[in-house]
Amino acid sequence: MKQYKIVLSLLFFIFSINALSAKSDPALKGSFSGTITDKESNRPLAGVSVYFADIKTGTSTNAEGFFSLQNIPEGRHLVEISHIGYTTIAEPVEVNGDSQRDYILVKAVVENDAVVITGAGAATQLKKSPFQVSLVRKEELLQSNASNIIEALAKQPGVSALSTGPAISKPVIRGLGYNRVLTINDGVRQEGQQWGDEHGIEIDQASVNKVEILKGPASLIYGSDAMAGVINIITNVPVENNTVKGSILSGYQTNNKQRLLHANIAGNSNGFNWNLYGNTSAAADYKNKYDGHVLNSKFRQNNFGGYAGYNGNWGYSHFLFSNFNLKAGLTEGDRDNEGYFVKPVAGGDEVRATADDFKSTTPLIPYQHIRHFKLATDNSFKLGKNRLSLNIGYQRNQREEFGNPDDMNERELYFDLKTVTYTAQFHFKEVQGWKTSIGVNGMKQQNSNRGAEQLIPDFNLFDIGGYAYAQKSYEKITISGGARYDTRNIDAKNLLEGSEIKGSAFNKTFSNFSGSIGLAAAISKLVNLKLNMARGFRAPSIPELASNGAHEGTIRYEYGDTDLKSETSLQFDAGAEFTTEHVSLNISAFHNSFNNFIFYSKLQNAGGTDSLVNVDGEDLTAFKFGQSKARLTGLEASLDIHPHPLDWLHIENTFSFTRGRFSEAIEGSKNLPFIPAARLLSELRCNFNKLSPGIVNFYAKVELDNTFKQSNIFTAYNTETATPGYSLLNAAVGADIVTKKGNTIFSIHFSGNNITDVAYQNHLSRLKYAAENIVTGRSGVFNMGRNFSFRLNIPLSIKLKG
């Protein structure tokens, strides 16, 4: 009840500010209009996006290339002008009364500028941000046949996915994951059980409009848990005024019979805007040529969400909601003496899985049921020439794990986590090139155990942090930086096993400073340089401090350590971008030094073998969390060649490498555990804006995904094993089918992954450590084999009378 009272009080506060800002200066109603043409032909361009990210409003050009935005706050804003096949324009504009500006777009094959909001707290030109930020737009996500959003992002340089089957993936940025990567969804810090291997993020992939990936410490703006970077997922974007838009998306994958049906409808009538979406998907067990069908890798998912709000000359106020519901099987990999997968049944026995077991989309024991409900309010208020942003969210994450075949309804584990998040940012008006912001953010959490067993204790958590950030733009150089202070208090109760205390209660407070300073320099029209130094901070998570138990899917028993200290890091980043009409090269390197780096490793018994803990008749390997000094170094590089006169042809290569080392050897090993292997993605792609009068935005590509051998492993206590390299052949083709007037009838996408059906194990796959197949001698379970995908998207657009 306390969380609800906090949310209601904050909502009353927002309504009060809303009323004050609306009355502050009713005469200040700005408009922005103009015409956009093609430089080569001098003809008007239709369908060009004109968008202001900081005030979340935009439109698109009509058949005459004209655009008009009404009732927007006066002042200085950053506008993004973008269109497929053309260079994006991102520049500040001064809206004062009826403002007009025309634009000329140049055809291009590489996007070299955009507007981002991640890392700076406000809209910023990508070229002027000192951070390494990658963008993934909805068009790219539609071309992906990934089974979840993180797998779709894992092809970006420096980004990997730690997976436990197709339904569960966690982001890893530059070798760091779990609580070191912060996920933001529509301005709200996503809080589930991100500390666990088998706990993915609870966001509907098909509803995502855009993703910004910041690589490197972002503690300055976001506080603890953003040491590796930020995944900023943007779902709800207002459509243009006096318009109703919608779509129906369907998809099918051949390997695990995954089917998807997603629908959304959004509208905007004189500033009142809204969006509704719903999604249902299901998959049977996937297969590969070594394991056949992998038992209990199935899942079922049903999600819905949306928002409603108003955009006016005073700013905007949006109310968001979402409900994520996933049932996912937990693959254990147990087999009989003939190498066939077995399933547990009542009475403590195991029987061989049947064909019907593999075909079903209903998870078997053990499985987990995840429900994530979220309410939030996202607001921006114009206060004179300044702006105040407020975002308050309430989340309830319920994660139930079922593993008792004698009582199918028994929840062995049931985490019930309630979180209130809050963010307030005050953006001062720009003065002589200085853009300054101050902010405060944090959260209040309450976790309750409602299952038969406990892995972590009940706890209450409260944290708060404040920061100041400034950016100064000169003619060719932009300097930015700031400082922050955080404090987090954790009040943990006794950890119980029945009525027995197996972990004592504790109360701990963690506080620290963080900050960053960096610059972006446009050396010439062709070369852009970036340098950044950042200090990060992360308080230990509850499982690292207090876990003492096992749960399905991890295949291990975990011990925490209440004496753990806060992690701190100092990272240096350097990047260079070289862009010409036919070549684009981007290189970035980093060095990250950690104090008190937290990691887990196996425990050994007195005989020198793995320490085992027997849980309900099953022996689980014991792991314990520890700390040490460590460092990570690495680089990412991308090269895109589009030779003249074949401007439609792309020869693109991206390379990622990360190396992690302890300062001092632990049992003879200096390698950090679970660092992703080096990876080279080579792609040959052709793009045609207009293949024929009825086919536009056509693409076809062939990709070779080369993952190198990972032999730099943490060998202490046999914690980790080496992983061989592999190469996967992928391909895709798709286009928009349009009417004579250029209106899209539908979009169609075909893709094939692992076409040659290679049997492989990703180094970050948790199923790699499942039980050995005693018939073949192979350890663990292998990743998905050959998979073909089909997607059909049917759009809807209705113009309302103004």
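Rules and cut-offs
- Residues numbered from 1 in each chain as written.
- Predicted model: local features only at pLDDT ≥ 70, side-chain atom pairs only at ≥ 80, totals over all residues.
- Heavy atoms only, no water.
- Helix = DSSP H or I, 4+ residues; strand = E, 2+ residues; numbered from the N terminus.
- Buried < 20%, exposed > 50% of the residue type's maximum accessible area, 1.4 Å probe, protein only.
- Contact = heavy atoms within 4.5 Å.
- Areas by Shrake-Rupley, 256 points an atom, 1.4 Å probe, with all protein chains shown as cover.
- Lys, Arg positive; Asp, Glu negative; His and termini not counted.
- Charge placed at Lys NZ, Arg CZ, Asp CG, Glu CD.
- Pairing = 2+ DSSP bridges.
- Axes fitted to C-alpha atoms, helices over the stretch in contact; angles between N-to-C directions.
- Patch = residues over 30% accessible without salt bridge, like charges linked within 9 Å, V, L, I, M, F, W, Y side chains within 5 Å.
- Salt bridge = Lys/Arg side-chain N within 4 Å of Asp/Glu carboxyl O.
- Phe/Tyr/Trp six-rings, centres within 6.5 Å; stacked < 30°, edge-to-face > 60°.
- Lys NZ or Arg CZ within 6 Å of the ring centre and 35° of its normal.
- Polar contact = N/O pair within 3.5 Å; in protein donor to acceptor, adjacent residues only side chain to side chain.
- pLDDT = per-residue confidence, 0-100.

### Things to note about the overall build of the protein chain
1) Next: The number of helices and strands found in the protein chain is six helices and 49 strands.
2) Next: Overall size of the protein chain, expressed as C-alpha extent along the three principal axes, is 80 × 55 × 45 Å.
3) Next: In the protein chain, which comprises 802 residues, the proportion classed as buried is 57%.
4) Next: For the protein chain, contacts bridging at least 24 residues in sequence account for 66% of all contacts bridging at least 6.
5) Next: Element-wise, carbon and sulfur atoms account for 56% of the exposed surface of the protein chain, whose accessible area totals about 32300 Å².
6) Next: Treating the 80 positive side-chain charges of the protein chain as one cloud and the 78 negative ones as another, the clouds have centres 6 Å apart.

### Remarks on the sheet that holds strand β2 (residues 49-52)
1) Next: One open sheet accounts for four strands, arranged β3-β2-β5-β6; its pairing is antiparallel. A strand with exactly one partner marks an edge of an open sheet, and here the two such strands are β3 (57-60) and β6 (89-95). Along the sheet, successive strands turn relative to each other by an average axial angle of 25°, direction set aside.
2) Next: Alignment of β2 against β3, held across four bridges, turns out to be antiparallel. Bridging from a neighbouring strand, S49 pairs with S60 of β3.

### Here's the deal with the environment of G223
1) Next: Examined against the element boundaries, G223 turns out to sit in the loop between α4 (219-222) and β17 (229-234).
2) Next: You can call G223 buried: its relative accessible area is 1%.
3) Next: Between the C-alpha atoms of G223 and D98, which are 125 residues apart in sequence, the distance is 40 Å.
4) Next: Beyond its immediate chain neighbours, meaning those up to four positions away, G223 contacts A218, R484, D486 and F537.

### Describing a positive patch on the surface
1) Next: On the surface, K257, K287, K289, K359 and R786 cluster together to form a positively charged patch.
2) Next: Note that R786 resides in the loop between β48 (744-753) and β49 (787-799).

### Observations regarding the sheet that holds strand β15 (residues 188-189)
1) Next: On the basis of which strands lie adjacent, the open sheet formed by five strands has the order β11-β16-β17-β14-β15 and mixed pairing. Both edges of this open sheet fall to β11 (132-137) and β15, since each of them pairs with a single strand only.

### Side note on a nonpolar patch on the surface
1) Next: A cluster of nonpolar side chains, namely W434, Y474, I477, I479, I517, M533, L570 and F572, defines an oily patch on the protein surface of about 720 Å² accessible area.
2) Next: Contributions of two or more residues to the nonpolar patch are made by β32 (477-492) and β39 (567-579).
3) Next: Of the residues examined, Y474 reaches a relative accessible area of 47% and is grouped as partly exposed.

### Some points on the pairing of strand β46 (residues 695-707)
1) Next: Sheet topology note: the strand β45 (residues 679-692)/β46 ladder contains twelve bridges and is antiparallel. What sits directly across from L684, in β46, is V702.
2) Next: Taken together, β45 and the strand that follows it, β46, pair antiparallel across an intervening segment of two residues.

### Regarding the environment of G439
1) Next: Counting through the fold element by element, G439 comes out in strand β30 (residues 434-449).
2) Next: Classification of G439 as buried rests on a relative accessible area of 13%.
3) Next: Each C-alpha atom, one on G439 and one on H427, is 8.6 Å from the other, the two residues being twelve residues apart in sequence.
4) Next: If we skip the residues at most four places from it in the chain, G439 touches A424, Q425, G465, G466 and Y467.

### What to know about the packing of aromatic side chains
The description of two aromatic rings rests on the distance between their centres and on the angle between their planes.
1) Next: As enumerated under the stated definition, the model contains 19 aromatic pairs in all.
2) Next: Considering the side-chain rings of F750 and F790, the 5.2 Å spacing of their centres and the 45° angle between planes classify their relative orientation as tilted. Of this pair, F750 sits in strand β48 while F790 is found in strand β49, placing the two residues 40 residues apart along the sequence.
3) Next: Taking relative accessible area as the criterion, F750 reaches 38% and is therefore assigned partly exposed.
4) Next: Pairwise contacts between aromatic rings join F594, F597, F599, F662 and F714 into one cluster.
5) Next: Above the ring of Y474, the side-chain terminus of K472 is found at 5.1 Å from the ring centroid.
6) Next: Between the NZ or CZ atom of R778 and the centre of the ring of Y290, over which it lies, the distance is 3.6 Å.

### So, the environment of Y467
1) Next: Mapping Y467 onto the fold places it in strand β31 (residues 459-473).
2) Next: The exposure class of Y467 is buried, given its relative accessible area of 6%.
3) Next: In the structure, Y467 is positioned 224 residues away from L691 in sequence and 51 Å away in space, judged by C-alpha atoms.
4) Next: Once you skip the residues sitting within four places of it in the chain, Y467 turns out to touch L220, I221, Q425, S437, I438, G439, V440, A483 and R484.
5) Next: Of the polar contacts made by the side chain of Y467, one reaches the side chain of Q425; its length is 2.8 Å.

### Some points on the pattern of salt bridges
1) Next: The full count for this structure, using the stated rule, is 35 salt bridges.
2) Next: Of the charged contacts in the structure, one is a salt bridge between R174 and E636, with a shortest N-O distance of 2.9 Å. Of this pair, R174 sits in the loop between β13 (169-173) and β14 (181-185) while E636 is found in strand β42 (residues 618-641), placing the two residues 462 residues apart along the sequence.
3) Next: You can call E636 buried: its relative accessible area is 2%.
4) Next: The partner of R411 in a salt bridge is E400, with the nearest N and O atoms 2.3 Å apart. With a gap of eleven residues between them, R411 in strand β29 (residues 411-427) and E400 in strand β28 (residues 386-402) connect regions that are remote in the sequence.
5) Next: Through salt bridges with shared partners, a single network forms among R189, E191, D225, D463 and R488.

### Overview of the confidence of the model for the protein chain
1) Next: Here the protein chain averages 87 in pLDDT, while 92% of its residues score no lower than 70.
2) Next: Contacts of residues 19-28 to residues separated by more than four positions or lying in other chains number eleven contacts, the stretch itself having pLDDT below 50.

### As for the pairing of strand β27 (residues 367-383)
1) Next: Across the 17 residues that make up β27, a large majority, 13, are buried.
2) Next: As paired elements, strand β24 (residues 315-329) and β27 share 15 bridges and run antiparallel to each other. Bridge pairing in β27 places L326 opposite I370.
3) Next: In terms of strand pairing, β27 meets β28 through 17 bridges, oriented antiparallel.

### Quick notes on the side chain of K215
1) Next: Considering the arrangement of structural elements, one finds K215 in strand β16 (residues 210-215).
2) Next: With sequence-adjacent residues up to four places away left out, K215 is seen in contact with Q132, S134, P157, G158, I173, R174, A228, D573 and E636.

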